Amino acid sequence: MNKFNITTKIIKRNGGLEYFDSEKLELTVIRASLNAHLSDEEGRDIARKVMTEIESWLTGKEEISSGEIFDKTIDLVMTINKDVAFMYKTHRDIS
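Residues numbered from 1 in each chain as written. Predicted model: local features only at pLDDT ≥ 70, side-chain atom pairs only at ≥ 80, totals over all residues. Heavy atoms only, no water.

Visitor: What exactly am I supposed to notice about the overall build of the protein chain here?
Guide: Within the protein chain, the regular secondary structure consists of 4 helices and 3 strands. Reading the protein chain from its N terminus to its C terminus gives the helix and strand order β-β-α-α-β-α-α. Along the three orthogonal principal directions, the C-alpha set of the protein chain runs to about 35 × 30 × 20 Å. The buried share among the 95 residues of the protein chain stands at 36%. Here the protein chain has roughly 6,000 Å² of accessible surface; of this, 49% comes from carbon and sulfur atoms. Of the side-chain charges in the protein chain, 14 are positive and 17 negative, and the distance between the mean point of each set is 2 Å. (Helix = DSSP H or I, 4+ residues; strand = E, 2+ residues; numbered from the N terminus. Buried < 20%, exposed > 50% of the residue type's maximum accessible area, 1.4 Å probe, protein only. Areas by Shrake-Rupley, 256 points an atom, 1.4 Å probe, with all protein chains shown as cover. Lys, Arg positive; Asp, Glu negative; His and termini not counted. Charge placed at Lys NZ, Arg CZ, Asp CG, Glu CD.)

Visitor: Can you walk me through the pattern of salt bridges in this structure?
Guide: Side-chain pairs of opposite charge can arise where the charged atoms are in close proximity. Enumeration according to the criterion identifies 5 salt bridges in this entry. Among the ionic pairs, arginine 48 bridges to aspartate 45, the shortest N-O distance being 3.9 Å. Taken as a pair, arginine 48 and aspartate 45 lie in helix 2 (residues 40-58) at a separation of 3 residues, close to a single helical turn. For the salt bridge of aspartate 45 with lysine 49, the shortest nitrogen-to-oxygen distance reads 3.3 Å. Of this pair, aspartate 45 and lysine 49 are both found in helix 2, 4 residues apart, which corresponds to roughly one turn of the helix. Through salt bridges with shared partners, a single ionic network connects Lys12, Glu18 and Lys24. (Salt bridge = Lys/Arg side-chain N within 4 Å of Asp/Glu carboxyl O.)

Visitor: Help me understand helix 1 (residues 22-35), please; the structure alone is not making it clear to me.
Guide: Residue pairs spaced three or four apart in an α-helix point in one direction, given the helix's 3.6 residues per turn. Between the first and last C-alpha of helix 1 there are 20 Å, a value that for 14 residues agrees with the 20 Å anticipated at 1.5 Å per step. Every buried residue belonging to helix 1 is among Ser22, Leu25, Thr28, Val29, Ile30, Ala32 and Ser33, and all of these are buried. Sitting at the amino-terminal end of helix 1 is aspartate 21, which places a side-chain oxygen 3.1 Å from the backbone nitrogen of glutamate 23. Count one or two residues on from helix 1 and you reach histidine 37, which has phi positive near 70 degrees. (Expected span 1.5 Å × (residues − 1). Polar contact = N/O pair within 3.5 Å; in protein donor to acceptor, adjacent residues only side chain to side chain.)

Structure representation (structure tokens):
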């Protein structure tokens, strides 16, 4: 699972529910980093920083929308690397 043992349910854009998957979000941040031409190590470092904040932020929340997680993730990534934030946002817009 994840180091904070998050059991938050995510309300997806299509209305479905699923449990928060930290690996899924982490991989998305890493992919955005790679698309911004950062090294794998740099991408993993950004993802670790973001995931620590996201998991802490989610602790104790029963349900939250995927949009809220997206907004929080963008805010966090923007403080670290604007190019990665752009790639993360762009990926969601086309998926």
